[in-house]
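# Close look at the chain arrangement
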Amino acid sequence: MGSKPQEGREQLRKKLINLVSLSLLFANGCRYTPTSKMESIDSSTISQDGSSRVTVLREGTKAALTNPWIFVYLTKGPAPLNKKPGERIRTDQIAFEISGAWPVRATWLDNTRLQILCDGCGAPLAWASKKRDRVGNVAVTYAKFPSVPHELQENYQDNPGGNLRAEQFYYTLPDTPISDSTTVRIEPLPLDYNKKLEWVNGHWPEDVLELAKTKPLILRWSDDKTLVVLCDKCGRKLSDASNKLDSVYGVHVRFEGFVP
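Residues numbered from 1 in each chain as written. Predicted model: local features only at pLDDT ≥ 70, side-chain atom pairs only at ≥ 80, totals over all residues. Heavy atoms only, no water.

### Some words on the sheet that holds strand E7 (residues 104-110)
The pairing of strands in a sheet happens through backbone hydrogen bonds and is either parallel or antiparallel. On the basis of which strands lie adjacent, the open sheet formed by four strands has the order E7-E8-E11-E10 and mixed pairing. Sheet topology places E7 and strand E10 (134-135) at the edges, where each strand pairs with a single neighbour. Pairing between E7 and strand E8 (residues 113-118): six bridges, direction antiparallel. The partner of Ala106 across the bridge, within E8, is Ile116. (Pairing = 2+ DSSP bridges. Helix = DSSP H or I, 4+ residues; strand = E, 2+ residues; numbered from the N terminus.)

Encoded structure:
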């Protein structure tokens, strides 16, 4: 009986310590980002004079084109961003953050001007939870974000053996036949959202096609190791693709029906 008031005071003391710690944390310009199933760097480039680095980081799963969060970090000097999932970061390093949008690119216009682009991400700029126009001596501008949100559509086909899946993701407005961006991906089954992947030349190694402004494509397996990606009057050339692979996981990919 006599120990309960003491236990209550101890719990209250711990809560007050936690509150003080949090207040100091935010006062110092730091925060904790959520530890996600996947946190990976989409891109990281240095300004021409080496004075700054911009890094685009995604947090979430790779189950679809959308990811819970995109962060654009701006740091001094050429050193790579050294951040682990859930690790504390400084809020003054974040130039831009948005949820439910991908892909987002960041490009240097010159040493003191940075442009952040919605590369068919389907999300309006109003969705951003942080959007800075300047970080230190670097001015930040934004381009190609749609005025209204576009919907993410998905379809997939499993191979006859049931060990591989071909997926197609694309953003589009309702009742609009042309999508902003289309990605075709091959993944092993069962899906493993915890596996670690690294970008290759700015793309996921499982993405066999990335194409903007096209009608939805048709996916068809000829056999366990042959995938046909068919452009059924989609009106696009394969040379318009920002990424195209002929083989992933031992699968031969055939592209048919595209404009010569």
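### Examining the confidence of the model for the protein chain
With 78% of its residues at a pLDDT of 70 or more, the protein chain has an overall mean of 82. Residue range residues 1-10 is modelled with pLDDT below 50. Its contacts to residues more than four positions away, or to other chains, number zero contacts. Within the model, pLDDT remains below 50 along residues 12-37, and this stretch shows 40 contacts once partners closer than five positions in the same chain are excluded. (pLDDT = per-residue confidence, 0-100. Contact = heavy atoms within 4.5 Å.)

### Quick look at the sheet that holds strand E12 (residues 151-158)
Pairing is antiparallel across the open sheet formed by five strands, whose spatial order is E12-E13-E14-E15-E18. Across the chains shown, the open sheet's two edge strands, defined by having one partner strand only, are E12 and strand E18 (243-244).

### Notes on the state of the cysteines
A full pass over the atoms with the stated rule returns two disulfides. Two residues, Cys118 and Cys121, share a disulfide whose sulfurs are 2.2 Å apart. Its S-S torsion of approximately -115 degrees makes the covalent link between Cys118 and Cys121 left-handed. Cys118 gets classed as buried once you look at its relative accessible area, which sits at 3%. The class of Cys121 is buried, set by a relative accessible area of 0%. Looking at the protein chain, its bonded cysteines, counted consecutively from the start of the sequence, adopt the pairing 1-2, 3-4. (Disulfide = S-S within 2.5 Å. Buried < 20%, exposed > 50% of the residue type's maximum accessible area, 1.4 Å probe, protein only.)

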